[in-house]
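# Residue-level structure breakdown
The residues making up each chain are set out below.
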Amino acid sequence: MKLNNPLIALALTAMLNAVAGAAEPVRIGLVLPMSGPFASYGKQIEHGVKLYLATQGDTFGGRKIELIIKDDSPGTAGDVSKRLAQELVIKDKVDILAGFGLTPSAFAVAPVATEAKRPMVVMNAATSSVTTKSNYIVRTSMTLPQNSAPIASWAAKNKIKKVFTLVADYGPGHDAEGQFKKTFTAAGGEIVGEVRAPVKNPDFAPFLQKIKDTKPDAVFLFLPPGGETIAFMKGFKERGLDAAGIQLIATGDLPDEDILEAIGDSALGLVTSFHYSEAHKSPENKAYTDAYYKAYPKDRPNFMSVGGYDGMRLIAEVLKKTNGNTDADKFIEAARGMKWISPRGPISIDPATRDIVQNIYIRKVEKINGRLQNVEFDHVADFKDPGKQ
Ligand code: PHB
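In what follows, the accompanying structure is described. (Residues numbered from 1 in each chain as written. Predicted model: local features only at pLDDT ≥ 70, side-chain atom pairs only at ≥ 80, totals over all residues. Heavy atoms only, no water.)

### Some points on empty space enclosed by the protein
Throughout the structure, instances matching the rule amount to 2 cavities of 30 Å³ or more. Estimated volume of the largest cavity: approximately 100 Å³. Surrounding the largest cavity, 17 residues form its lining, Gly101, Asn124, Tyr170, Pro172 and Phe222 being those nearest its centre. Of the residues that constitute the lining of the largest cavity, the class distribution is 13 nonpolar, 3 polar and 1 charged. (1 Å grid on protein atoms, 1.4 Å probe; cavity = no way out; pocket = protein on both sides within 12 Å on 5 of 7 lines; lining within 4 Å. Points joined across faces, edges and corners; volume = space filled by probe spheres on them. Nonpolar A, V, L, I, M, F, W, Y, C, P; charged D, E, K, R; others polar.)

As structure tokens, then:
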């Protein structure tokens, strides 16, 4: 067919592109720390995302999923994450931004999501305010206030009267400290000291000595899981805080399954609150952990892998609802109020805040079949992020 009218030719080309576009893959740009001190975050989230595609299929709403991973190691340098996200949008033409191991990475990429009009699915970064940084953000992990309030209530009910707080000096640490203090003092407890340790290379020795001298009933701890957590646990024992009868309480970031064996038996008896445990008893978690071990026999499924798995599920469910349309406004509209049974238990996306609503479990570290596990013994149901109230 000969087209003499340039306008008709243009319209026809656009139509052909639209038809071809319908079959185009959905490109998801994953911004994750894949190397450096937080490399396990990237590995676990990647495991979760890929496990979802391997077990549930890779085409949703008529469009195949294509993943592009960018290593934003160390995950705490916002400018690196931002540059990579811009590259993903401009060069790789991604439809969706996802991943985000640490808060500085999510904070830095939020304006890119807004400007480029791309949905941004946060699969770990857990400072409460992350979801307020762009209207295109939806989160499938947790928030620190959501996990800190239940352990504060548990402590107040379990003869703990004086607490010393020690947190990493950045967003999630500040959130953990603030919410713990709020809930614990409202229940009649007293905060007898608080320190914020640098995120990079903290020297815990002076903090541990100070805590020992203050003689609290317990220490409340938040550190992003990794080498520092293991160093802290070693110091806690070596400096005799353990022997002095000072209890350790924390969010479940501390006895994270990825580092639990490295912490070793000194974790036995540790009580924490968290949204996911490998030992969670449900058919969904059994299926998840079985599939995980089959695919990754050398690793243990943890909360970050589940954040990735549920993040990929959210994208899949949205694509089914929108028939493959990834327009950021349509994507977020479709995501609001979504609910399903995750390996962690029932979850939903708060329609107002785009943040996750979920059960928070109180757990104790025990040895099950020779393996350290977080065994759940109580829970708060359908708990919203109290950091936004
Ligand atoms: C974060 O940087 O937001 C973060 C990292 C690790 C966690 C929780 C929060 O376990």
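On we go from here.
### A short note on the pattern of salt bridges
Inspection of the entire model under this criterion finds 28 salt bridges. The partner of Arg83 in a salt bridge is Glu87, and the shortest N-O contact between them spans 3.7 Å. Taken as a pair, Arg83 and Glu87 lie in helix α3 (residues 78–90) at a separation of 4 residues, close to a single helical turn. Judged by its relative accessible area of 46%, Arg83 falls in the partly exposed class. Note that Asp355 is salt-bridged to Lys388, the shortest N-O span being 2.4 Å. With Asp355 in the loop between β13 (345–349) and β14 (356–368) and Lys388 in the segment after β15 (371–383), the pair connects residues that are 33 residues apart, well separated along the chain. (Salt bridge = Lys/Arg side-chain N within 4 Å of Asp/Glu carboxyl O. Helix = DSSP H or I, 4+ residues; strand = E, 2+ residues; numbered from the N terminus. Buried < 20%, exposed > 50% of the residue type's maximum accessible area, 1.4 Å probe, protein only.)

### Section: the pairing of strand β12 (residues 339–342)
Pairing between β12 and β13: 4 bridges, direction antiparallel. Its bridge partner being in β13, Lys339 is matched across the sheet by Ser348. From the end of β12 to the start of β13, which pair antiparallel, there are 2 residues. (Pairing = 2+ DSSP bridges.)

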